[in-house]
Amino acid sequence: MHTINQNVASLLRSVSAALLIKKESRFRIVAYDKAADAIEQMAQDIKALWKEGKLDDVPGVGESIRAHLDEYFKTGKVKHFEHTFKGIPAATFTLMHVPGIGPIRAYKLATTFHLENPKTAVRDLKKVAEEGKIAELESFGSKSQTLIMESLDRFIASEQSPSRMLMPYAAELADRVIAHLKKHKSVGTCDVLGSLRRGVPTIGDIDIACIVPEDQIAAVIKHFTEFPGLLKVDNAGGKKASIILPPRIRVDLRLESDNGYGAMLQYFTGSKAHNIKLREYAIGKGYSLSEWGIKKVEDRGPLAKGDEHKIMRFNTEEAFYGFLKMKVPPPELREGTNEIELALKDNLPNLIKLTDIKGDLHVHSDYDLKPSHDRGAHTFQEMSDRARALKYEYIGFSEHNPKQSGHTASQIVDIMKRRQEYIHKHVKGLPYFIGLEVDILPSGEIALPEKAIDYVDYLIVSVHSSFTQSKEQMTKRVKTALLYPKVRIFGHPTGRLLMKREGIDLNWDVIFDICKKRDIALEVNSSADRLDLPDTLVREGLKNGLRFAIDTDSHALEHMDTMKYGVSVARRGWCEKKDIVNALPLASLKKWIHAV
DNA sequence: GCCGTTTTCGGCCCGACTGTTTTCAGTCG
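Before going into details, it helps to say that this report is about the structure given with it. (Residues numbered from 1 in each chain as written. Chains lettered and ligands numbered in written order. Predicted model: local features only at pLDDT ≥ 70, side-chain atom pairs only at ≥ 80, totals over all residues. Heavy atoms only, no water.)

## Some words on the sheet that holds strand β6 (residues 240–245)
The 5 strands are arranged β2-β4-β7-β6-β5 in an open sheet whose pairing can be described as mixed. Because the sheet does not close on itself, it has two edges, and the strands there are β2 (190–193) and β5 (232–236). Taking the axes of each pair of neighbouring strands and ignoring which way they run, one obtains an average angle of 20° across the sheet. Bridge analysis of β6 against strand β7 (residues 249–256) gives 6 bridges, and the strand direction is antiparallel. If you follow Ile244 over to β7, its bridge partner there is Arg250. (Pairing = 2+ DSSP bridges. Helix = DSSP H or I, 4+ residues; strand = E, 2+ residues; numbered from the N terminus. Axes fitted to C-alpha atoms, helices over the stretch in contact; angles between N-to-C directions.)

As structure tokens, then:
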């Protein structure tokens, strides 16, 4: 994600908070939040978009916010915002990020205790809390004070280590929670919902729903809050509960009886943006939606006792969406772009499935060709056998290129030649292709003598060094590399490492253009910490008519089972079977590989 | 402040939980 987008989103959220503190119209407040959400989730760099005069394309950014952003990018500040912030201590905007403290309480705490410095505000407030002063404040009490102290501690700890998790690890944790829930005899079907069901690459919290008979809900919530090793029960009411698990991951549980489960699935899968858009659409049709079902608009708001029949209940998502006369959008598409419109027209894409995948074109064996980076742990034959077990029709071997230092060009050619001979002689069974993952050097040259290209079927080119070049340099560098013969795949194109390293900055229009012309596939790398190309850019690429290779980049047999994560990224990028080269049958794939 | 296949004006998603209150505000998802 672009840091600039984060900064702008955070600025807009501060404006929203300031408006809330000043008791402005709640619709203005929401408008700033919506714009912030949209900017945070965009694939493109917001400043680049501004330079092109395309800020109007961002949903939620209208005339007013566009003018403010214009001023922001030109001068670094916005007069109107500064006026809005007037009288609000800067520490307010720090404190409101502590869970349990919102803008209003943050403002009250900051002004009452004269907390000025945003950098020390959290620790300053903790001192105040320890002195017992918060409990004396109006509308606060001793319980609020305790809660705030605990929350501050967790916040301080979380500043040192992030609390988000990579999707596969979160999935594992979710499975453990479900196993615990199922130990209770009243728990029926359980589903992992929220961002995990939508396949989001990093997970902030885990959402689980279960079918439980009405009269057993309290008992199951109690059982949930007894999950071994939990850090804290965050809240537990009569309808839902939350716990915090190490390392500070929140798990939300919702329980519903069989006949209302469909509405609960829909609500709890989200995203927030999808649900808001769906509810807005429904209002236009005279219906009000919630996790409990669908009401007529005139019955909006809490129902009186005895009026429960006024809410229609749905046991499946198909029935719920069906009532609104639309198809069920696959969870991966529920991000509030245009999936509702297409679901209404029965025009949703038929997304790629794991079972459509016919091969893996990026795997590293243990064959020693003196590589520039790490070798794999298993032989060509072992990897080929695994591919066959996965019901693939072919496999592509792609060790790293031989390292250039210590080898002359002709030695490298020789190494490559021997590798080809070795594979032809020893690998039996599944049809294979001989590939190679080659470094794109800072200059844009590839780390392989041209003559060595004769000994491969295809090349994957990837950036593995000098990540901090300027956007122009980086674009030129990658473009140069993509023009070499036999380049078929651009490997992990942004080079990002989730929660560790930002992706490289590229002019994607230029890259998409050259890939389109040469029919080069962009890789969707399935490694848990890459998931690269990111889903938003997959969708952009798709709009430009590109195709993709979903690869595991395996360095060991068990990595070959991670294809599902890449598939999930491709689905979030709206890819169908026809958009994925390694969903092609052998003959068509061969044609594509040998096209350049 | 944004937005439009009902609209350029008049709407704007919905509900649960908690604490401090005695009917609701704040926060969260």
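## Describing the protein's contact with DNA strand B
Of all residues adjacent to DNA strand B, which total 47 residues, the nearest are Gly62, Gly141, Lys239, Arg279 and Glu280. When atoms of DNA strand B within 4 Å of the protein are sorted by moiety, sugar and phosphate together comprise 77%. In the environment of DNA strand B, a phosphate oxygen lies 2.4 Å from a nitrogen or oxygen atom belonging to the backbone of Gly141. Gly238 is positioned such that a nitrogen or oxygen atom in its backbone is 3.1 Å from a phosphate oxygen of DNA strand B. At the level of elements, α2 (26–41), α4 (63–75), α7 (103–112), α9 (142–160), β5, β7, α14 (272–284) and β8 (287–290) are the ones that each hand at least two residues to the surface near DNA strand B. (Near = heavy atom within 4 Å. Polar contact = N/O pair within 3.5 Å; in protein donor to acceptor, adjacent residues only side chain to side chain.)

## Points about the nonpolar core
Among the nonpolar cores identified, the biggest contains 116 residues, and Ile206, Leu448, Leu482, Phe490 and Phe548 are the most heavily contacted of them. Looking at which element gives the most residues to this core, the answer is helix α10 (residues 167–182), with 7 residues. Excluding anything up to four places from it in sequence, Phe548 contacts Ala521, Leu522, Val524, Leu533, Val538, Gly541, Leu542, Cys575, Asp579, Ile580, Val581 and Asn582. If you look at the next biggest cluster of nonpolar residues, it comprises 53 residues, including Ile29, Leu55, Ile65 and Leu152. (Core = buried A, V, L, I, M, F, W, Y, C linked by side-chain atoms within 4.5 Å. Buried < 20%, exposed > 50% of the residue type's maximum accessible area, 1.4 Å probe, protein only. Contact = heavy atoms within 4.5 Å.)

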